[in-house]
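Remarks on the overall topology
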Amino acid sequence: MVKNVIIREIMQSDIHVIKSLIIDAFGDGWNLRRYNQDSSFFQAAMEVYLSIFLSSATFGKVAVLNEKVIGAIICGVKNDTKRLIHLQGDMASNALALLTAAEAERKDFSEHLSNSFQAIGQLLEGTSGHDGSLDFIAVTKEARGLKIGKLLWDEAVKYFKSKKCKSIYLISDSACNVGFYDHNGFDKIDKTEARYNYSNGKKKFDIFLYEYNF
């Protein structure tokens, strides 16, 4: 494990880095790189995706090495204070950017969100007994293999235990590095398939439901 890594709370200045982490983590599988990443549409799409986590997050931290953010984790616990909601972007301007985007971009974004939410909703039907969730964890490509993810997860475990959580859930998919969860004590308890008809072709992913018991 790398020495001199600092774990701290997420700040507003970290948001652009976390969006980059989303692209690194999901860009190849979700084919995000086909978009112009500097476009207002793409930035708005990333803001909306990130806001899904931020709106319910009760815990969020980043790993910093040499003053550079190299990883992030976002979690939620039932009935705890939502601590990251103030980091959300301007939803009105983001909605406008999405509405005025090219038709193919709008359709792809809608296709991905609607089909993903449908698949995730099916998996979450039996999760009411969980005390919280691991919503997002990713590290930069340069930091992979350095156990930064494990360092962030250990911080989250301390948080969950401090809130007396007995179990949490996690949603992931086959476009991600699910091996991290398999090697850190998570149990894969269910899965479903999501199909997407993108403008540049069809894709399908397995969506997984994981559980972690303390």
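Up top is the structure.
Residues numbered from 1 in each chain as written. Predicted model: local features only at pLDDT ≥ 70, side-chain atom pairs only at ≥ 80, totals over all residues. Heavy atoms only, no water.

Turning to unusual backbone geometry, a few remarks are in order. Excluding glycine, residues mostly have negative phi values, and the peptide bonds linking residues are mostly trans. Positive phi, close to 55 degrees, is recorded for Asn66, a residue that is not glycine. Mapped onto the secondary structure, Asn66 falls in the loop between β2 (59–65) and β3 (68–77). The phi torsion at Asn79 lies on the positive side, around 70 degrees, for a residue other than glycine. Locating Asn79 in the fold gives a position in the loop between β3 and α3 (91–99). (Helix = DSSP H or I, 4+ residues; strand = E, 2+ residues; numbered from the N terminus.)

Reading across the sheet, the seven strands line up as β1-β2-β3-β4-β5-β7-β6 and stay open at both edges, with mixed pairing between neighbours. Each end of this open sheet is capped by a strand with a single partner; those strands are β1 (6–9) and β6 (187–198). On average, each strand axis in the sheet is inclined to that of its neighbour by 25 degrees, with strand direction left out of account. Note: β2 against β3, seven bridges, orientation antiparallel. Pairing of Ala63 across the sheet is with Gly71, part of β3. Against the sheet, helix α4 (residues 103–124) engages β5 (167–173), β6 and β7 (201–213), with an angle of about 155 degrees to β6. Sitting on the sheet, helix α5 (residues 148–162) touches β1, β2, β3, β4 (132–139), β5 and β7, and the angle it makes with β3 is about 30 degrees. (Pairing = 2+ DSSP bridges. Axes fitted to C-alpha atoms, helices over the stretch in contact; angles between N-to-C directions. Contact = heavy atoms within 4.5 Å.)

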